[in-house]
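Reading the structure
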Amino acid sequence: MSSLYFGDVFKNADVLLRGLGITFLISVGSLVLGLIIALPVAFMRNSRSGLLRFPSSLYVEFFRNTPLLAQLFFFFYGLPELGINTNAIVVAIIAIGLNTGAYNSEVIRAGLLSVDKGLIDASYALGMSPLQSTVYVVLPNAFRVAFKPLSSTFINMVLGTSTAASVTANELMNSAVVLAGNVFRPFEIYSTIFVGYCLLTFTLSFIAKFADYHLISKHGKMKNALKSSVGVSG
Amino acid sequence: MAVIDIKNVTKKFGDNTVLNNITLELNDEISAILGPSGSGKSTMLRCINGLEPIQQGDILVDGVSVKTRSNLRRIRKTCGMVFQQFNLFPNLDVIQNVTLSPIKILGQKRASAEKHAHSLLEKVGLLEKARHYPAQLSGGQQQRVAIARALAMNPKILLLDEVTSALDPEMTADVLKILESLAGEGTTMIMVTHEISFARRVSKRILFIDQGSIAADMPTDAFFSVDDQRIQKFLQHVG
Ligand SMILES: Nc1ncnc2c1ncn2[C@@H]1O[C@H](COP(=O)(O)OP(=O)(O)O)[C@@H](O)[C@H]1O
Ligand SMILES: [Mg+2]
């Protein structure tokens, strides 16, 4: 039974830090993609037109009812077959972004539905067009409600980026696996990356809490806090 | 020409006829709409500014028909509306609530919109709350902001839907005081209210709605002395 030895971890700190950086990159990329997708999908799912609802529901249900890992493999091995050559990081951003977009769209949709009908009446009574009402009243108030659940979906997604290790994206998890194969110190290496993930998620949830307080909660309690029934990716 | 011309209007929700063939002209004066709960008072106001579509007849606001969708924004600029539940935008502070539409819809410059907003907030006694958010205000204060917000669009007519029903008596008095001073300035108001003594004091004309029909339409004095079973029963009930 050998004792704990972190020397190899420190010697290879650059590899792990680089992994952390790529984890961050995939997270931000997926976040942006996920939000860009989620907003129109949320509107489509709330639409009265079946033509808009059907494809958006198909997308949401597919990504929420199949494993993220399988989705990742599908894009990593599937895209080249279609002649699209990709790199692992880009594939990870696409797959994880699409996955988180499905969850985000449900959160945003619930946010949109939570906006008091009276506010929409008031906006129309003040002479706003449907578009103005949406931009100036519905979206900001939906966002206030959706912000907290969105930030928790995001943090879950950051942890989910570790699945990208299995398609050779050299993010934090993958770096740890490779390193553990070279120097046989799995306990030290994996406990170190726990710290790395925690640093990342604690920082993000701190930023989210700070932003929530200063942008939203400071201005008083909301009438319609979103019920926590909205799912979260994992 | 009447400011609001309601011609043979029928409004249904599904099979439920809520306004039944109403014909009515409203002029530059203060009218109160009274009637039991569920009789269609809110619906009538909401039909006037096109928040609810009508199935039959027509409503002309300043000569413009609510039946043409593209007229609705113009009609809504003519008619300001204040709601029972205030409906302030919770994401915006008081001054932003009041200036949003003047800036975005009337195209006013921020500075002049804010100047106007300040004078309106002074009028409703809330200038010192300009930078507060709705959730930081009492119900009565929120309703006074909502009145300022409606006035900021310089409407010709103010539609008031039970604006004191969600308030306790003290706050009700504050809001009524403001409405009374607006009345004194000659603002045209059409108000649905359960504040009978206020309606009696301020309005020139009373419309009594019962089950979607105009059961009485007369000058205020006449209304309170009329010998009508339904009206007497209603007045006893609310008074
Ligand atoms: N959006 C709606 N959908 C269906 N029915 C409605 C709606 N709004 C009002 N009603 C019905 O119309 C009738 C009149 O309602 P309302 O105009 O709110 O009455 P009042 O303001 O006089 O209390 C009621 O029977 C009510 O249930
Ligand atoms: Mg009503």
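Just so it is clear, the structure is predicted and the values come from calculations on it, not from any experiment. (Residues numbered from 1 in each chain as written. Chains lettered and ligands numbered in written order. Predicted model: local features only at pLDDT ≥ 70, side-chain atom pairs only at ≥ 80, totals over all residues. Heavy atoms only, no water.)

Regarding the side chain of B:Asn97
Note the following rule: Secondary structure elements follow DSSP: runs of H or I no shorter than four residues count as helices, runs of E no shorter than two count as strands, and numbering proceeds from the N terminus. Here, two residues are considered to be in contact whenever any of their heavy atoms come within 4.5 Å of each other.
Of note, B:Asn97 is situated in helix α3 (residues 94–104). Excluding residues that lie within four positions of it along the chain, B:Asn97 makes contacts with B:Leu88, B:Phe89, B:Leu92, B:Pro134 and B:Arg149.

Notes on the interface of chain A and chain B
Note the threshold: Throughout, buried area stands for the accessible area (probe radius 1.4 Å) lost by two parts on being put together, summed over both. Criterion for a salt bridge: a side-chain nitrogen of Lys or Arg within 4 Å of a carboxyl oxygen of Asp or Glu. Two N or O atoms count as a polar contact when they lie within 3.5 Å, although within protein this holds only if one can serve as hydrogen donor and the other as acceptor, and sequence-adjacent residues are included solely when both atoms are side-chain atoms. Residue classes follow a fixed rule: Ala, Val, Leu, Ile, Met, Phe, Trp, Tyr, Cys and Pro count as nonpolar, while Asp, Glu, Lys and Arg count as charged, and any other residue, Gly among them, counts as polar.
Listed as interface residues are 23 residues of chain A and, on the opposing side, 22 residues of chain B. Summing both sides of the interface, chain A and chain B together bury roughly 2,000 Å²; the carbon and sulfur share of this comes to 60%. Contact with chain B buries area across many residues of chain A, yet A:Ala125, A:Leu126 and A:His219 alone supply 31% of it, more than any other trio. Among the salt bridges present, the one from A:Asp121 reaches B:Arg46, with a minimum N-O distance of 2.9 Å. Across the contact surface, chain A and chain B share eight residue pairs in polar contact (both at pLDDT 80 or more). Looking at the side of chain A that touches chain B, the elements that each hand over two or more residues are α6 (117–125) and α7 (130–160) of chain A. In terms of residue count, the dominant contributor to the side of chain A that touches chain B is α6(A) (eight residues). Class assignment of the residues belonging to the side of chain A that touches chain B gives a composition of nine nonpolar, eight polar and six charged.

Some remarks on the nonpolar core
Our working rule: By nonpolar core we mean a set of buried residues, namely Ala, Val, Leu, Ile, Met, Phe, Trp, Tyr and Cys, connected to one another through side-chain atoms within 4.5 Å. Relative accessibility thresholds used throughout: buried, under 20% of the residue-type maximum; exposed, over 50%; partly exposed, between the two (1.4 Å probe, protein chains only).
Among the nonpolar cores identified, the biggest contains 52 residues, and B:Ile4, B:Ile6, B:Met44, B:Ile48, B:Ile59 and B:Phe89 are the most heavily contacted of them. It is α7(A) that provides the largest number of residues to this core, a total of five residues. Once you skip the residues sitting within four places of it in the chain, B:Phe89 turns out to touch A:Leu119, A:Ala122, A:Ser123, A:Leu126, A:Met128, A:Val137, B:Asn97, B:Leu100, B:Pro134 and B:Arg149. One finds B:Ala146, B:Ala152, B:Met191 and B:Leu235 within the second-largest nonpolar core, a separate group that totals 47 residues.

These results come straight from atomic positions and should not be treated as a statement about function.
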